[in-house]
Amino acid sequence: MEIFKIKRITDGGDYYRKNATAYALNKGQVAEFGYGVNPFDAKAVATAFNAAARYYGNENKNPVFHFMLSFESETCDSVEKAVELSRQILDPLGEDHLMIVGIHDKEHENSSYHAHAVMCSTNLENGKMFGGTNKDLNQIAQRMADVTNNTCELCIDKKGGMKEEYKRIFSPSDSEDE
C-alpha cells in the first residue's frame, strides 16, 4: 500500500516555511525537482514562497502544505521511478502553486523511496489559498492510487484538538476497457 501523508502546520509562519523547504531538500535526498522554483536552493524557495504570499496578501495565513508520498518497493524500485510517479501525482498542483519535491531513499516498512513535497499555499493564478479540505486531499490520494495502480492510505497528522491521525484507504479507479 502506498501512503499519502499530510502535515498541517498553520501557525509556523516564516519559520516553518524555511524549515519545511530545507527538510525536503536536505542532504538525505537523492533527487529533487521544482515547480516554478529552483530546487537546489532551499533559502531561495522560502523567499519565493514568501513573495507569492505577500503579493496576494496571504503572508499571515497557512504558509505551506507538506506532503509525503511513500511508495511500496514493488511499485517503485528506482530513483527515476520515484521521480516519475511523484511528477504524475503532483503535476496538477504544480500548475498553480510553487512547490519543491525531494526524493529520499530510506527504508521504512515496505518502502524504499518516498518524496517530500512542500507547496506554497498561495495559488499563483488567483491568489486563493489551497484549503487542504478533505475533498482536496481525497483527490490527491485517489490520484496516487490511480497512478500507482495500488491502494493508497491517506494519513493526516494529528494537530491541535485531534485525538488521532485521520486515515482513509483509496483503491485504484476502475478503467473501462475499450
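Residues numbered from 1 in each chain as written. Predicted model: local features only at pLDDT ≥ 70, side-chain atom pairs only at ≥ 80, totals over all residues. Heavy atoms only, no water.

1. So, helix H2 (residues 42-55)
We count it as follows: Secondary structure elements follow DSSP: runs of H or I of four or more residues count as helices, runs of E of two or more count as strands, with numbering from the N terminus. The span you would expect from a helix comes to 1.5 Å times its residue count less one. Residue exposure (1.4 Å probe, protein chains only): buried if accessible area is under 20% of the type maximum, exposed if over 50%, otherwise partly exposed. The arc under discussion is defined with respect to the helix axis, by the directions toward the C-beta atoms. In protein, a polar contact requires one atom able to donate a hydrogen and another able to accept it; more generally it is a pair of N or O atoms within 3.5 Å, and residues adjacent in sequence count only if both atoms are side-chain atoms.
Helix length check: H2, at 14 residues, gives a terminal C-alpha distance of 20 Å against a target of 20 Å (1.5 Å per residue), a fit within 8%. Of all the residues in H2, the buried ones are Val45, Ala46, Phe49, Asn50, Ala52 and Ala53. Each buried residue of H2 sits inside an arc of 165° when the element is viewed along its axis, so together they form one side. For H2, the exposed residues lying more than 90 degrees away from the buried face are Lys43, Arg54 and Tyr55. Measuring from the side-chain oxygen of the N-cap residue of H2 to the backbone nitrogen of Lys43 gives 3.2 Å; that N-cap residue is Asp41. Directly beyond the C-terminal end of H2, a positive phi value near 75° is found at Gly57.

2. Things to note about the sheet that holds strand S5 (residues 111-120)
Defined as follows: Strand pairing is assigned whenever DSSP detects at least two bridges linking the two strands. Whenever a helix is involved, its axis is fitted only over the stretch in contact; in every case the axis is a line through C-alpha atoms, and angles between N-to-C directions fall within 0 to 180 degrees.
The sheet built from seven strands is open, its strands ordered S2-S4-S5-S3-S1-S6-S7 with mixed pairing. Looking at the sheet topology across the chains shown, the edges are occupied by strand S2 (29-35) and strand S7 (166-170). Going across the sheet, the axis of each strand differs from the next one's by a mean of 20°, ignoring polarity. Two elements, strand S6 (residues 152-156) and S7, share five bridges in a ladder whose sense is antiparallel. Considered in S7, the bridge of Cys155 is made with Lys167.

Coordinates in, geometry out; function isn't part of it.
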